[in-house]
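Next come the chains, spelled out residue by residue.
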Amino acid sequence: MLLLSSSRRALSRWHTHAKTCHSSHFRPVAILEPCVCVRRRKTTTWQTMATDLPKDATGLWTERLARNIMDDLGNHDIVVLCVLKGGYQFSVDLVDRIKDLSCNSNRSIPMRVHFIRLKSYLNDQSTEDLHIVGAEDLSFLTGKNVLIVEAIIGTGKTMQTLLKHVEAFKPNMIKVAGLLVKRVTKISSWLPDYVGFEIPNRFVVGYALDYNEYFRDLNHICVISESGKLKYKI
């Protein structure tokens, strides 16, 4: 099992940095696990490391996802549907990398970006009460190729609810890109079309992911400790 050399260097720099910036509210976790590139139905193995997920690593894998999306959707107009608030950083980075690839190839993807918001969490627990904000009228998706971009997916129930809502507007095609997919005990038959990392079933923050609106500003992704949950609980 080999870690990409550039990723290894990035993670080495991160280990050095983490020694000085770790808060007691965060703890490391074995977060880099084998992830499934669903588009090709193949498993890409990354070395398991007891560390947080630095931005350098997410950037490298976001570029890989962008290449997969270009392979599938190159020369097709698409509407990027960014799921706020947690998905905004991943969406920005993914769109930037798709644009970079378009500029350096003979294929291009004309893109429009639209934002919706899903809210179903209270503290660290998902509730049955799902709010979809900004998706009341998605009639402009009719006949379009849609790429939904979400930062993290657990059981997939929330995304399946969103997909049913989007499908009602009769788009031509829907693809879903998820940076993180949790290993959950309740096995779901649904997975995104494009997957970045598979992670343990822990509550993670950073890179626009939050705990009660805190920690979105962190550049890296890490697990919040029980003491951190207690301090910022509402």
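Fair warning: this is a prediction, and the values are worked out from it, not measured in the lab.

The rules behind these values
- Counting from 1, residues in each chain are numbered in the order their sequence is written.
- Only residues with pLDDT of at least 70 are given local features in this predicted model, and only at 80 or more are side-chain atom pairs given and counted; all residues enter the totals for whole chains, interfaces and linings.
- Computation of side-chain values covers all heavy atoms of the structure but excludes hydrogens and water.
- In this description a helix means any DSSP run of H or I spanning at least four residues, a strand means any run of E spanning at least two, and both kinds are numbered starting from the N terminus.
- Buried means the residue's accessible area, taken with a 1.4 Å probe over protein chains only, is under 20% of the maximum for its type, while exposed means over 50%, and partly exposed covers the values in between.
- Working definition of a nonpolar core: buried Ala, Val, Leu, Ile, Met, Phe, Trp, Tyr and Cys residues. They are joined through side-chain atoms within 4.5 Å.
- Two strands are said to pair when DSSP picks up at least two bridges between them.

Peer 1: A description of the environment of Lys157 should follow, citing residues and the corresponding values.
Peer 2: Looking at where Lys157 falls in the secondary structure, it is placed in helix H4 (residues 157–167). In this structure Lys157 comes out as exposed when scored by relative accessible area, which is 54%. For the pair Lys157 and Trp190, spaced 33 residues apart in sequence, the C-alpha to C-alpha distance is 8.5 Å.

Peer 1: Could you give an account of the nonpolar core, naming the residues involved and the relevant values?
Peer 2: In this structure, Phe90, Leu94, Leu147 and Leu180 are the most contacted members of the largest nonpolar core, which totals 30 residues. Within the residue set of this core, elements represented by two or more residues are helix H2 (55–73), strand E4 (78–84), helix H3 (88–103), strand E7 (145–153), strand E8 (173–182) and strand E9 (194–199). Looking at this core, the element that brings in the most residues is H2, giving 7 residues. In this structure, Val79, Leu138, Leu163 and Val176 belong to the second largest nonpolar core, which totals 18 residues.

Peer 1: I'd like a description of the pairing of E4, backed by residues and values.
Peer 2: Burial analysis of E4 places 6 of its 7 residues in the buried class, the great majority of the element. Where E4 lies against E7, 5 bridges are found, and the strand directions are parallel. Within E7, the position partnered with Cys82 by the bridge is Val149.

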